[in-house]
Each structure stands twice: as structure tokens, then as C-alpha cells.
Amino acid sequence: MKMKLLFFFVLAQTIQFQLVAQTSIVGAGKKVDPYSYEITKNAIYNRAAVSSAHPLASKIGAAIMEQGGNAFDAAIATQLALAVVYPGAGNIGGGGFLIGHQPNGSLIGIDFREAAPNLANRDMYLDQNGNADMTRSQSGHLASGIPGTIAGLFATMAYAKLPFSQLIQPAIDLAEKGFVITEKQASSFNGTRNEFLKNSSQPTAFVKESKWKVGDTLIQKALAATLKRIQTNGAKGFYEGETAQLIVAEMQRGNGIISLEDLKKYSAKTREPISFNYRGYQILSFAPPSSGGIIINQLFKMIEKYPVASYGFQTVKSVQLMIEAQRRAFADRAAHMGDPDFWKVPVKTLTSDAYLAKRMQDYNPEKASVSENINAGVIHESNETTHISIIDAEGNMASITTTLNGGYGSKVVVGGAGFLLNNEMDDFSVKPGTPNMFGAIGGEANAIAPGKRMLSSMTPTLVLKNKKPYVVIGTPGGTTIPTAVFEALVNIIDFNMNASDAINKPKFHHQWLPDEVLVEKDFDATVVKKLQAMGYNIKEVGGIGRTEIIRLLSNGKRETAADKRGDDSVAGF
Ligand code: GLY
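Residues numbered from 1 in each chain as written. Predicted model: local features only at pLDDT ≥ 70, side-chain atom pairs only at ≥ 80, totals over all residues. Heavy atoms only, no water.

1. Structural notes on the sheet that holds strand 17 (residues 517–520)
What counts here: A pair of strands is considered paired only if DSSP assigns at least 2 bridges between the two. Helix and strand assignments follow DSSP, with helices taken as H or I runs no shorter than four residues and strands as E runs no shorter than two, numbered in order from the N terminus.
Strands sit in the order 16-17-18 across an open sheet of three strands; the sheet is mixed. The sheet is open, and its two borders are formed by strand 16 (508–509) and strand 18 (538–541), each paired with just one other strand. Examined bridge by bridge, strand 16 and strand 17 share two bridges and lie antiparallel to one another. Within strand 17, the position partnered with His 509 by the bridge is Leu 518.

2. Here we look at helix 6 (residues 164–177)
Definition in use: By this rule, a helix spans an expected 1.5 Å times one less than how many residues it contains. In this scheme, the bend at a residue equals the angle between the axes fitted to the seven residues that finish there and the seven that begin there. Only protein chains enter the area calculation, which uses a 1.4 Å probe; residues under 20% of their type maximum are buried, those over 50% are exposed, and those in between are partly exposed. We call two residues in contact whenever any of their non-hydrogen atoms come within 4.5 Å of each other.
When the terminal C-alpha atoms of helix 6 are compared, their 20 Å separation across 14 residues agrees well with the 20 Å that a helix rising 1.5 Å per residue should span. Of all the bends in helix 6, the largest measures some 30° and sits at Pro 170. Those residues of helix 6 not exposed but buried are Phe 164, Leu 167, Ile 168, Pro 170, Ala 171, Ile 172, Asp 173, Leu 174 and Ala 175. Those residues of helix 6 that are buried lie in contact with helix 2 (55–66), helix 3 (71–85), helix 5 (149–156), strand 7 (179–180), strand 8 (217–218) and helix 8 (221–233). Positive backbone phi, at 95°, marks Gly 178, one or two positions downstream of helix 6.

3. Describing the site of the ligand
Here is the rule: When at least one non-hydrogen atom of a residue lies within 4 Å of a molecule or strand, that residue is treated as near it. N or O atoms within 3.5 Å of each other form a polar contact, as long as, within protein, one can give a hydrogen and the other can take it, and as long as residues adjacent in sequence are counted only when both atoms are side-chain atoms. Every accessible area reported is derived by Shrake-Rupley at a probe size of 1.4 Å, with residue values counting cover from the shown protein chains alone.
Neighbouring the ligand are the residues Arg 113, Thr 403, Asn 405, Glu 424, Asp 427, Phe 438, Ser 456, Ser 457 and Met 458. At a separation of 2.7 Å, a nitrogen atom of the ligand approaches a polar side-chain atom of Glu 424. Within the backbone of Ser 457, one N or O atom sits 2.7 Å away from an oxygen atom of the ligand. In isolation the ligand has 190 Å² of accessible area, and contact with the protein removes 99% of it.

4. What about the nonpolar core?
Put simply, the rule is: For this analysis, a nonpolar core means a set of buried residues of the types Ala, Val, Leu, Ile, Met, Phe, Trp, Tyr and Cys, connected via side-chain atoms within 4.5 Å.
Ranked by size, the top nonpolar core spans 85 residues in total, and within it Leu 80, Ile 92 and Leu 227 carry the most contacts. Take this core: its biggest share by element is 12 residues, from helix 3. With residues up to four places along the chain from it excluded, the contact list for Leu 80 reads Ile 92, Ile 150, Leu 153, Phe 164, Leu 167, Ile 168, Ala 171 and Leu 227. In this structure, Ile 274, Tyr 363, Val 463 and Val 517 belong to the second largest nonpolar core, which totals 65 residues.

5. Some thoughts on the environment of Asn 423
Mapping Asn 423 onto the fold places it in the loop between strand 13 (397–403) and strand 14 (461–465). Note on Asn 423: relative accessible area 1%, which makes it buried. Taking the C-alpha atoms as reference points, Asn 423 and Tyr 408, 15 residues apart in sequence, are found 8.6 Å from one another. Residues contacting Asn 423, with those up to four places away along its chain left out, are Ser 137, Gln 138, Ala 143, Leu 404, Asn 405, Gly 406, Gly 409, Ser 410 and Met 437. In this structure the side chain of Asn 423 is engaged in a polar contact, spanning 2.9 Å, whose partner is the backbone nitrogen of Gly 406.

6. So, the pairing of strand 5 (residues 95–101)
Across the seven residues that make up strand 5, a large majority, seven, are buried. Sheet analysis places strand 5 next to strand 13, joined by seven bridges and oriented antiparallel. Counted as the bridge partner of Gly 95 is Thr 403 from strand 13. In terms of strand pairing, strand 5 meets strand 6 (residues 107–112) through six bridges, oriented antiparallel. Across the sheet, the residue bridging to Ile 99 is Gly 109, located in strand 6. Linking strand 5 back to strand 6 in an antiparallel pair, the connection comprises five residues, with Gly 105 at a positive phi of about 95°.

7. As for the sheet that holds strand 5
Our working rule: Helix axes use the C-alpha atoms of the stretch in contact, all axes being lines fitted to C-alpha atoms, and the angles between their N-to-C directions lie in the range 0 to 180 degrees.
Reading across the sheet, the seven strands line up as 9-6-5-13-12-4-21 and stay open at both edges, with antiparallel pairing between neighbours. Where the open sheet ends on each side, the last strands, each with one partner, are strand 9 (269–270) and strand 21 (569–572). Sheet analysis places strand 6 next to strand 9, joined by two bridges and oriented antiparallel. What sits directly across from Asp 111, in strand 9, is Lys 269. Sheet strands touched by helix 2: strand 4 (49–52), strand 12 (385–391) and strand 21. Its angle to strand 4, the strand with the most contacts, is close to 160°.

8. Here we look at the confidence of the model for the protein chain
Operational definition: Confidence scores labelled pLDDT are given residue by residue by the predictor and lie between 0 and 100.
Mean pLDDT over the protein chain works out to 92, with 93% of the residues at or above the 70 mark. For the stretch residues 373–381, pLDDT sits under 50, and the model shows 27 contacts to residues farther than four places along the chain or on other chains.

9. A look at unusual backbone geometry
Omega for the peptide link from Pro 288 to Pro 289 comes to 15°, which places this bond in the cis form. The residue Pro 289 is located in the loop between strand 11 (281–285) and helix 12 (292–303) in this model. Of note, the bond from Leu 513 into Pro 514 is cis; its omega dihedral lies within 30 degrees of zero at -5°. For Pro 514, the location among the structural elements is in the loop between strand 16 and strand 17. Phi at Lys 411 takes a positive value of approximately 65°, unusual for a residue other than glycine. The phi dihedral of Lys 467 falls on the positive side, at around 70°, and the residue is not glycine.

10. Some points on the packing of aromatic side chains
Geometry of an aromatic ring pair is reported as the spacing of the ring centres plus the angle between the planes. Definition in use: Any pair of Phe, Tyr and Trp rings, taking the six-membered ring for Trp, is counted once the centres come within 6.5 Å. Such a pair is stacked with planes under 30 degrees apart, edge-to-face with planes over 60 apart, and tilted for the rest. Sitting over a ring, as applied to charges here, requires NZ of Lys or CZ of Arg to be within 6 Å of the ring centre and within 35 degrees of the ring normal.
Per the stated rule, a full pass over the model turns up 18 aromatic pairs. Considering the side-chain rings of Phe 300 and Phe 486, the 5.0 Å spacing of their centres and the 75° angle between planes classify their relative orientation as edge-to-face. Taken together, the residues span a long stretch of sequence, with Phe 300 in helix 12 and Phe 486 in helix 17 (residues 480–493) at a distance of 186 residues. Here the two residues Phe 300 and Phe 486 agree in accessibility, since each one is buried. Taken together, Phe 189, Phe 196, Phe 206, Trp 212 and Tyr 408 form an aromatic cluster joined through their ring pairs. Positioned over the ring face of Trp 212 is Lys 208, at 4.9 Å from the centre of the ring. In this structure, Lys 465 packs its charged tip against the face of Tyr 470, placed 4.8 Å from the ring centre.

11. Some thoughts on the packing of helix 2 against helix 6
To keep things clear, this is the line we draw: Angular relationships are summarised with four words: roughly parallel below 35 degrees, roughly antiparallel beyond 145, roughly perpendicular across 65 to 115, and oblique for the angles in between. Here is the rule for handedness: rotate from the far helix to the near one, and if that takes an anticlockwise turn smaller than a right angle the crossing is left-handed, while a clockwise turn gives right-handed. Gly is placed with the polar residues, together with every amino acid not listed as nonpolar (Ala, Val, Leu, Ile, Met, Phe, Trp, Tyr, Cys and Pro) or charged (Asp, Glu, Lys and Arg).
Orientation of helix 2 relative to helix 6, taken along the N-to-C sense of each, is 150°, at an axis distance of 11 Å. Regarding the angle of helix 2 to helix 6, the classification is roughly antiparallel. Where helix 2 crosses over helix 6, the handedness of that crossing is right-handed. Contacts from Leu 56, Ile 60 and Ile 64 in helix 2 reach Gln 166, Leu 167, Pro 170 and Leu 174 in helix 6. Considering only residue class, the contact of helix 2 with helix 6 consists of six nonpolar, one polar and no charged.

Here it is in C-alpha cells:
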């Protein structure tokens, strides 16, 4: 399905278009036109494919592979492009995780999660009465962890083929010369205007006098200058020198605590991926400090002994089983998971068959279990993480999820540097038992400490079939991330769906606390009624996740799909 976006230009913008149109963004013959582009929701490609949150970013990733780059080159170029064209979540001021698989069977796990600054402490968001002040963990300067994205991209360079300067150039061009924005982006900027004004200490490219509208051109000169410093000086162009000084000056204007030393000391880490089998498929996902890999390992293993396919797709029986597995996995998340460099996460036990069989002993297919009755929080819908799925012609797979946490992160744009900082400190357990912005409860395992990485739910995932590449998948959505990945893969493995159906069918989510099941609006109303009769508290929500997927067909073609829920788009050849 293709949707053509029509853009209308005022005179000034038309002139700008004519000036810029002579410069192809991604090299001779591989033009990506930032002034007229379409959203492609699904396609089957012969050799290489990208699915991401924005058409321009996907096209740039595909063009980089056409120029001789591999999936890791494309991951770097696509992420940098997203930092420009999708500022709500694409980022250089946030962090994330990349899982990769090479044709020789090697696995890659790069952790570039943000870390708490050296001056952070476990009680930093408590007020004089000991109550959690979530406004400070969720917006403004104090909400930011030390950004990890640029360190992560340079760690990824070890597996790439093209020079970094080539991979960052499209992002520089998009920032410097501009691109036209979609209707969704215009409305998102308009809706966030007041928060940008409140939290950013200097004028930003995201706020203009009149309202944004579809077809307006967004130019980000300060961001282009930052990207050029990174192009010239490598990771030091971000973590040291002028960019670092601009970040620290911004911190000082807003009582933030990230220091030059924090930035200089930050590094990406390698992590061994979580690996398990489900009905003959090998599933690979991210280890702590993300909870995502362990959660989906637990979910699949808890349902494996049940004949899910014979229960039928989204029947009461299959949905109820999956809800109860989700409830139990999220209870474990709250108690046992945190940064493994600070907290011993009992990965082996949490994922062992014996332990998971025990967890399901009290599962009753006739009625709802009851989550512990503690301070439950409300889940705010937020999809402001973003995912990229890529496969190249050689069979390298890259699955990369990155985030600013909430939409536009802390809403603080670094003055003079043009990029948004994350509000990832809220992913720590700010106070035991107090829900974060996703309603997730945590305890000691995820308490704040200097240098510690906050627990994530990001679940970049790969699936192998007969040891060969089969699926690349991931999604944004806070705590709904692991459940969305789980449900899409159950749709493929148990219900034999194609890639597009697997990610676009209605989703549901339970996370132990609050004790409620979120369902999307198009979820079957008769199933909802029957679940309510069994004791489930059901809450309808607008949308869960924005999943990007590539599946290898038996003829070697790449079946590629982008989520229906946003501007997400695929590209390839
Ligand atoms: N900030 C969302 C997550 O990491 O889970």
C-alpha cells in the first residue's frame, strides 16, 4: 500500500526547494528527495530492506546499502537521519540498544543506554516530605541521563563497511537544507509548543510564530553544525569539545547535573544477547539493562506448553493465557531487573524451564489472577521510542531500538547544539512502589546510582529458523514493547500470519501493575466482554507500539512492513 503525501509550498519554501533540489541527499543516482516523498507501508524486496518510523530515514538506509554499505552502515545512517526527521524520538541525545547477526553466525549486542550522572543519587526526585516529584524526573534538565546514542553508533562502526563521514552526510544535509514535514509531525510540534517554550532556555527550530502545517520545511542549522563536529571529530565531536560544552552550559542554565566529566567518561558496552528456542525457532533479544529480552523469553516459555494455535487467534482462550504470562513476567521485572553492573540479575533462574513452570502453576484458564494490591499507576500512552529493522543482501541483520523516553524527551533542546535531551532518569525507580510514566513499578534493583543505567523495556529482536535469518523486529511503546514484540511473533509462529498482519492486528497488554489489560480500539468487543466476565479490568487505548518488521520468505525475498499507526515506512531494493 502506498500513500502519497501532497505538499504545498508557500513562495519562500518553493524557492528553497528549487535551490536544494539540485543537491541529491544521498549521492549520485541515489536521490532521496526530502521535499516530496511517500509512505510505503509494506513491500517485498529482493535483496535489502529497512523499516523505520520515517520514510526519509528508511530511504536513506536503503540508499546506503545500494552504495555498498551493509546492514550496520544502514543502521547508523538511518538512526542519524531519524535524529533529524523524527525529533520526537529519533535522537542523538538519548540512547538505545542494537542487536545484530552476521552470516557467519556471530551475534552483536551493543548497549548504549543512557547513564545516571555522577551527581545523581537515589533520592534526587523526592521532595521534603519524601514524596516522588515526577515532574522533575520527566521533564526539564534534571530528567536527562548521559546520552549514549553517538557512542553506540561508533561502537557499531566496528561491523560497518563505509566511512562514518559518508553515513552521517545525509543527516547533515537534511538538517542544514531542510525537509518537508508530514501532517502528524506538524500536529505533534503544535501540541508540544508550550513545553518546548517552558523547558528550553534558548530559541529552538521546533517553535515558530505561526502554527506548523503539513508541507512546511524544517531546517535545523544548529543540529547540522553539531553533526558536522561529529563528522570531523568522531565521538569526541559529541562527548568533548564544543558540543559537550554546549550541553553543560544548557545544564547550568536549567539546574541540570550532567558534567563534562560525565560526558567524557561515557562509553557503550557490549552485552551477550538473550537467546532461547520457541517451537523450533531461535529468538535473540536484548539483555539487561533492558528487561525486554528476559521478558519475552519468559513469555514464550510460559505459553510454549499450551497449543496456542489450536486455541485460535485472539480467542478468549489464547488472549487470557498470554495476559496471565504477561502479568507474571512484569512482576519479575519490578523485583529482579536492573543494570547488571550494579545489581545481580538472576537471568538463568528467571528464564529456566523449572522456574517458569512454577510461575504458571497457579494459572487458572477460567478466571483472572489478581496482581498484588500496591500503589498502582496510570499508563500514559507514549510511543516515543523508535525502532529500525534492517537486513542487507549478505544476510546481516540489525535490530536497533533507541529512545528519548517520553515524546521529545525532557523537552530541553541544547542551546546552540539543536538536539533534544532525553528524560530517561524517569525509567529508574524514583521511589520504590511509585509508578514511572509507563506505570512501571520498581525497587532496589533499579534504584538510581551514579553511572548506573536505568532499566529499559526496549526489545530489539531477531529470529533464526534453521539457524538462518528469519525475522528482524522491534517497536517503541515503553512497557508495552516486550508484549508487542511477543504478540507479533506469536502471530507469525503460531498463527502463520504475514509480516504486515502480524504487526497491525490489534494488540493487548498487561504489566502486573496496574492490574488492568490495555486493548487497542479495534480489539474484538466480544472477547473484551468475556474477559470482563472472567474478572479482567479492561482499558481501551489509542495505539500500542509502532512495530517495524522484516521477514525472510523461503525464496529469500524480504517481506517488509511498517506499522500502520504512524508515518512509519519501508524502503529497499
Ligand atoms: N524509555 C523506554 C524504555 O527504555 O523502556
